[in-house]
Amino acid sequence: MMEKSDFDSDLFRTALAQLDRVAQRLDLEHDIHERLRYPRRALVVSVPVLMDDGKTRVFQGYRVHHSTVLGPTKGGLRYAPDVNLGEVTALAMLMSWKCALVGLPYGGAKGGVRCTPRELSKRELEHLTRRYTTEIMLLIGPDLDIPAPDLGTDEQTMAWMMDTYSMTQGKSVPGVVTGKPLIVGGSAGRREATGRGIVYALYQATRRLGQNLQGLRVVVQGFGNVGSVAARLLWREGCLVVGVSDVKGGIWNPRGLDIRDLEAHVAESGSVAGFPDTEPLTNTEILEQPCDILLPAAIGSQIREDNADRVKATIVAEGANGPTTPEADAILRDRGVTVIPDILANAGGVIVSYFEWVQGLQYYFWRESEIVSRLQEVMSRAFNRVWALGAKEGTDLRTAALMEGVRRVAEGYRVRGLYP
Ligand code: GLU
């Protein structure tokens, strides 16, 4: 076992603790367990950018491949002020379990640049993205590692990455990223995929718990690509969306919010804050409001030891990666709260990324209805497997999902063996 880890961070410690617990349950061989604990490779890059004020600023960037045993690596790129090597490594590890769990032929990867995208101009963001792409060029490619959007990045970021990579190849290489704009090889339904996947997971969970989505009260933390789509689709399903928040704060109305009007308000003002007929709440208060379903879809470590007791929801669906700390997870488990873990709940994004990649490789694009029905099929199958395993093993859904994901990756290591 490595003595002192270069990947030390809260999230990495959490990811390791999860893996170690599951390895024991699965009775994993020591050598495979040991290999799973560390990333295959990690690249740290400096990203110098000429800023609008004429000064050059150097940003820190990362790209980590956790495991390559099941195929090329896949995972998002995040722009956030606290990104570090340990966090990116932990997220890459989660991608390995997530892809394996839903049956995609991918290993796990993640990338990040430590920056505050809100404070950068469009020109600065473009230069940052292009230089970062150039610096990690060694590690990416359509059959090597395929980035996608994550926190703080979007379709435009992917278009710049794809263009930068393509320029060095002298041809268009759409398969190098997913989550691209439609016009340059993006997939119908990719933007909505994560939110839609969450709704399918919730549909399955409520059905199993003898409930019906209609009429259930929902609170959503985070109104970005994941939270806003999930809120809209759940509202359309007849849920009462009683609370929503974004980086500027939260809003609350126990009679339910009109999500279409809220979206118009956000488009105009840039935030959910100040939406008429609502009470203002902070981002932490929103987690503690009375509701049936809580959807943390913002950033990591939001449900912690100090507030997990006050979560009133009976179902938590993790739209974000790592929103619940292990201590909070134990508290929720003891209280009988059903937690649909990140690697299952938010897998819709990478599932449709896979569809986009396949379509791009074949130069043949599917109708949105086909994407949606295939996504539903993959999500439902994964959910059923996790639910059945949880029942068989007498575990919560997170343990079951991790067991299934880790087991598959471990099987890959087992049959491929150790080189040389
Ligand atoms: N960033 C998303 C995730 O955490 C999507 C990754 C992808 O599409 O490759 O799952």
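Worth saying up front: this structure is predicted, and the values here are computed from it rather than measured. (Residues numbered from 1 in each chain as written. Predicted model: local features only at pLDDT ≥ 70, side-chain atom pairs only at ≥ 80, totals over all residues. Heavy atoms only, no water.)

### A closer look at the sheet that holds strand β5 (residues 145–149)
Okay, step 1: Overall, mixed pairing links the five strands, which are arranged β1-β2-β4-β3-β5 in an open sheet. Each edge of the open sheet is held by one strand with a lone partner, namely β1 (41–50) and β5. Between one strand axis and the next, the sheet turns by 25 degrees as a mean value, whatever way the strands run. (Pairing = 2+ DSSP bridges. Helix = DSSP H or I, 4+ residues; strand = E, 2+ residues; numbered from the N terminus. Axes fitted to C-alpha atoms, helices over the stretch in contact; angles between N-to-C directions.)

### Describing the site of the ligand
Okay, step 1: Around the ligand there are 14 residues in total, and Lys74, Lys98, Pro149, Asp150 and Ser353 lie nearest to it.
Okay, step 2: One of the side-chain N or O atoms of Ser353 is found 2.5 Å from an oxygen atom in the ligand.
Okay, step 3: Expressed as a share of its isolated accessible area of 300 Å², the protein-covered part of the ligand is 94%.
Okay, step 4: Sorting the residues of the shell around the ligand by element identifies β3 (73–80), α3 (85–101), β5 and α11 (348–362) as the ones contributing at least two each. (Near = heavy atom within 4 Å. Polar contact = N/O pair within 3.5 Å; in protein donor to acceptor, adjacent residues only side chain to side chain. Areas by Shrake-Rupley, 256 points an atom, 1.4 Å probe, with all protein chains shown as cover.)

### Re the nonpolar core
Okay, step 1: By size, the foremost hydrophobic cluster in this structure holds 95 residues, and its most contacted members are Leu36, Trp97, Leu202, Val244, Leu262, Ile340 and Ile351.
Okay, step 2: If near-sequence neighbours (up to four positions away) are discounted, Ile351 is found in contact with Val102, Leu104, Leu375, Val378 and Met379.
Okay, step 3: Core analysis: the next-biggest nonpolar cluster, separate from the first, contains 24 residues, Tyr132, Ile136, Met162 and Val173 among them. (Core = buried A, V, L, I, M, F, W, Y, C linked by side-chain atoms within 4.5 Å. Buried < 20%, exposed > 50% of the residue type's maximum accessible area, 1.4 Å probe, protein only. Contact = heavy atoms within 4.5 Å.)

### Observations regarding the sheet that holds strand β6 (residues 217–221)
Okay, step 1: Pairing is mixed across the open sheet formed by seven strands, whose spatial order is β9-β8-β7-β6-β10-β11-β12. Taken across any chain shown, the strands that pair with only one partner, and hence form the sheet edges, are β9 (279–281) and β12 (338–340). Across this sheet, the average inter-strand angle for adjacent strands is 20 degrees, counted without regard to direction.
Okay, step 2: In terms of strand pairing, strand β7 (residues 240–246) meets strand β8 (residues 249–252) through four bridges, oriented antiparallel. When the sheet's bridge partners are listed, Gly243 is paired in β8 with Trp252.

### A word on the pairing of β7
Okay, step 1: Along β7, six of the seven residues are buried, which leaves the element largely enclosed by surrounding structure.
Okay, step 2: Of the strand pairs in this sheet, β6 and β7 are connected by five bridges, and their pairing is parallel. Its bridge partner being in β7, Gln221 is matched across the sheet by Ser245.
Okay, step 3: Of the crossover connections in this fold, the one passing from β6 over helix α7 (residues 225–236) to the parallel β7 is right-handed.
Okay, step 4: What sits between β7 and β8 in their antiparallel hairpin is a turn of two residues. (Right-handed = clockwise from strand over helix to strand, strands pointing away.)

### Considering the layout of surface pockets
Vacant regions in the atomic arrangement are exposed by a probe of water-molecule size rolled over the atoms.
Okay, step 1: Taken as a whole, the second largest pocket holds about 290 Å³ of empty space.
Okay, step 2: Lining the second largest pocket are 13 residues, with Arg35, Arg40, Thr68, Val69 and Tyr413 sitting closest to its centre.
Okay, step 3: Those elements giving two or more residues to the lining of the second largest pocket turn out to be α2 (30–36) and α13 (397–416).
Okay, step 4: When the residues that make up the lining of the second largest pocket are grouped by side-chain class, the tally is five nonpolar, four polar and four charged. (1 Å grid on protein atoms, 1.4 Å probe; cavity = no way out; pocket = protein on both sides within 12 Å on 5 of 7 lines; lining within 4 Å. Points joined across faces, edges and corners; volume = space filled by probe spheres on them. Nonpolar A, V, L, I, M, F, W, Y, C, P; charged D, E, K, R; others polar.)

### Overview of the pattern of salt bridges
Okay, step 1: Overall, the coordinates contain 31 salt bridges when judged by the stated rule.
Okay, step 2: Residues Glu368 and Arg196 are paired through a salt bridge, measuring 3.8 Å at the closest nitrogen-oxygen approach. Of this pair, Glu368 sits in helix α12 (residues 368–393) while Arg196 sits in helix α6 (residues 193–208), and the two are 172 residues apart along the sequence.
Okay, step 3: A relative accessible area of 37% means that Glu368 is categorised as partly exposed.
Okay, step 4: The buried category is assigned to Arg196, whose relative accessible area is 16%.
Okay, step 5: Between Asp396 and Arg333 there is a salt bridge whose closest N-O contact spans 3.7 Å. Of this pair, Asp396 sits in the loop between α12 and α13 while Arg333 is found in helix α9 (residues 326–334), placing the two residues 63 residues apart along the sequence. (Salt bridge = Lys/Arg side-chain N within 4 Å of Asp/Glu carboxyl O.)

### Quick word on the side chain of Arg37
Okay, step 1: As for its position among the elements, Arg37 is in the loop between α2 and β1.
Okay, step 2: When its relative accessible area of 8% is taken as the criterion, Arg37 is described as buried.
Okay, step 3: At 3.0 Å, the side chain of Arg37 and the side chain of Asp20 are in polar contact.
Okay, step 4: A distance of 3.4 Å separates the side chain of Arg37 from the side chain of Tyr38, its partner in a polar contact.

Everything listed here is a matter of geometry and, on its own, says nothing about what the molecule does.
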